[in-house]
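Commentary on secondary and tertiary structure
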Amino acid sequence: MTVSLVVGPAEHGVTAAALAQWGVVGGDPGRRLVRRGGRPDLPDVLRELDGVGPGPVLVHVTDRLYGRDADEAAAFVEGLASARDLLVTLHDLPQPSDGPVNHPRRARAYRRMAEAASAVVVSSRHEQRLLAACGVSRLADVVPLPVPRFAPSPAADPWARPVAVAVLGFLYPGKGHELVLDALDGLPAGVGLSALGRPSDGHEDLVAELTRRAHAKGRSFEVTGYVPDAELPALLRSAVVPVAPHEHLSASGSINAWIGAGRRPLVPRSDYVTELLERHPDCVRVYDDLASALLEVWSTPELSWADGPGGPTLEETVQELLAIADRLPA
């Protein structure tokens, strides 16, 4: 038997990924779910795990969901690992762009979590390298993020609301919204930016800051707030130019969502994007200069559409994870 421990609000990307995987295996009598919507309490979780019976625990971890800081998250995972065999899928791997103070702190925490786990999974070879840079000697297994299979839907009318150039996902410093606003100068007057999502907790002030930046340039800036799953495909298909401008990606559910909707988003050149293109040739449009790339796609919108969603599917990623879990002690 395996137990899936799923932590955090359902709208968080890491939590949503874990819940989607549970949706694939939840009908299997050999699987159990332990769910916590907020930051988990270790003794409480251990008591519930004792109640559901033995077996390895599958858990998706980003430090922000498991503690007030990275050290607290690492302590939770270490405590869990002292009682159960853990298959830990690590997300949001530390990298130098975290800053000179936060990066070494997060790196130490991720090293502690990786060393405590019985097996470690990351979502890209780039994340393998980032984990090694944290001082982790073991080689993590790579299970790429799935590409969603969205049902056909009509695109929302891009002129009924200002969805012209769009960025999907949470708003937080470094996501790249300001880079897109600065690159709109070559597009016709009236073309604005839509942020499809809501601000990350603690970064609500970004909305006012980005709105001021947009208005200073004579552009509109819209924040949709959280987009329910049922509304997401039509919204992704409504944007004239899809953009994923984050320059320090190590894996991206947002890019995969664009791909799953049949779009070919603009993305900056990076190691992760090179890896993505190896799996799905031509699934994104790589740019070195964002302003010229925006103008090219605005002038030729068909460049932003792709023939198929590619892979892997959600079911394929679940089977890979379960194969790894099956190697752990019963």
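Not measured: the values here are computed from a predicted model.

Conventions we followed
- Residues numbered from 1 in each chain as written.
- Predicted model: local features only at pLDDT ≥ 70, side-chain atom pairs only at ≥ 80, totals over all residues.
- Heavy atoms only, no water.
- Pairing = 2+ DSSP bridges.
- Helix = DSSP H or I, 4+ residues; strand = E, 2+ residues; numbered from the N terminus.
- Contact = heavy atoms within 4.5 Å.
- Axes fitted to C-alpha atoms, helices over the stretch in contact; angles between N-to-C directions.
- Phe/Tyr/Trp six-rings, centres within 6.5 Å; stacked < 30°, edge-to-face > 60°.
- Buried < 20%, exposed > 50% of the residue type's maximum accessible area, 1.4 Å probe, protein only.
- Parallel < 35°, antiparallel > 145°, perpendicular 65-115°, else oblique.
- Left-handed = near helix turned anticlockwise from the far one by under 90°.
- 1 Å grid on protein atoms, 1.4 Å probe; cavity = no way out; pocket = protein on both sides within 12 Å on 5 of 7 lines; lining within 4 Å.
- Points joined across faces, edges and corners; volume = space filled by probe spheres on them.
- Nonpolar A, V, L, I, M, F, W, Y, C, P; charged D, E, K, R; others polar.
- Core = buried A, V, L, I, M, F, W, Y, C linked by side-chain atoms within 4.5 Å.

Here's the deal with the sheet that holds strand β5 (residues 119-122)
Reading across the sheet, the six strands line up as β2-β1-β3-β4-β5-β6 and stay open at both edges, with parallel pairing between neighbours. Looking at which strands have only one partner, the edges of the open sheet turn out to be β2 (31-36) and β6 (141-142). Strand direction decides the pairing type here: β5 and β6, joined by two bridges, are parallel. Bridge pairing in β6 links V122 to V142. Docked against the sheet, helix α2 (residues 42-52) engages β1 (2-7), β2 and β3 (57-61), running at close to 160 degrees with respect to β2. Together, β1, β3 and β4 (86-90) form the strand contacts of helix α4 (residues 70-81), whose direction differs from that of β4 by roughly 155 degrees.

Describing the packing of aromatic side chains
What the rule picks out here adds up to one aromatic pair. With a centroid separation of 5.5 Å and 50 degrees between ring planes, the pair formed by Y66 and F76 is classed as tilted. Residue Y66 is found in helix α3 (residues 63-66), and its partner F76 is found in helix α4; the two are separated by 10 residues along the sequence. One exposure class covers both Y66 and F76, and it is buried.

Observations regarding the packing of α2 against α4
Where α2 meets α4, the closest approach of the two axes is 10 Å, and the angle between their N-to-C directions is 30 degrees. On the basis of the axis angle, α2 is roughly parallel to α4. Crossing hand, α2 versus α4: right-handed. Contact residues: L42, V45, L46 and L49 in α2; F76, G79 and L80 in α4.

Brief notes about empty space enclosed by the protein
Over the atoms, a rolled probe matching the size of one water molecule traces out where space is still vacant. In total, this model carries two cavities of 30 Å³ or more according to the counting rule given. Considering only enclosed or pocket space, the largest cavity measures out at about 130 Å³ in volume. Surrounding the largest cavity, 14 residues form its lining, S4, Q21, W22, L58 and H60 being those nearest its centre. Elements represented by at least two residues in the lining of the largest cavity include exactly β1, α1 (13-25), β3 and α13 (314-325). By residue class, the composition of the lining of the largest cavity is 10 nonpolar, four polar and no charged. Volume-wise, the second largest cavity comes out at about 70 Å³. Around the second largest cavity, the lining comprises 13 residues; the ones closest to its centre are Q21, H60, T89, V143 and L145. Going through the elements one at a time, α1 and α13 are the ones with two or more residues in the lining of the second largest cavity. For the lining of the second largest cavity, the class distribution of residues is seven nonpolar, six polar and no charged.

Re the nonpolar core
Ranked by internal contacts, the top residues of the largest apolar core, which has 36 residues, are L5, V61, Y66, L86, V88, L90 and L131. Counting residues per element, this core draws most heavily on α4, which supplies seven residues. Apart from residues lying up to four places away in sequence, V88 is in contact with V59, V61, V77, A117, A119, V120 and V121. The next biggest cluster of nonpolar side chains, apart from the first, holds 25 residues, and it includes A164, L181, F221 and A293.

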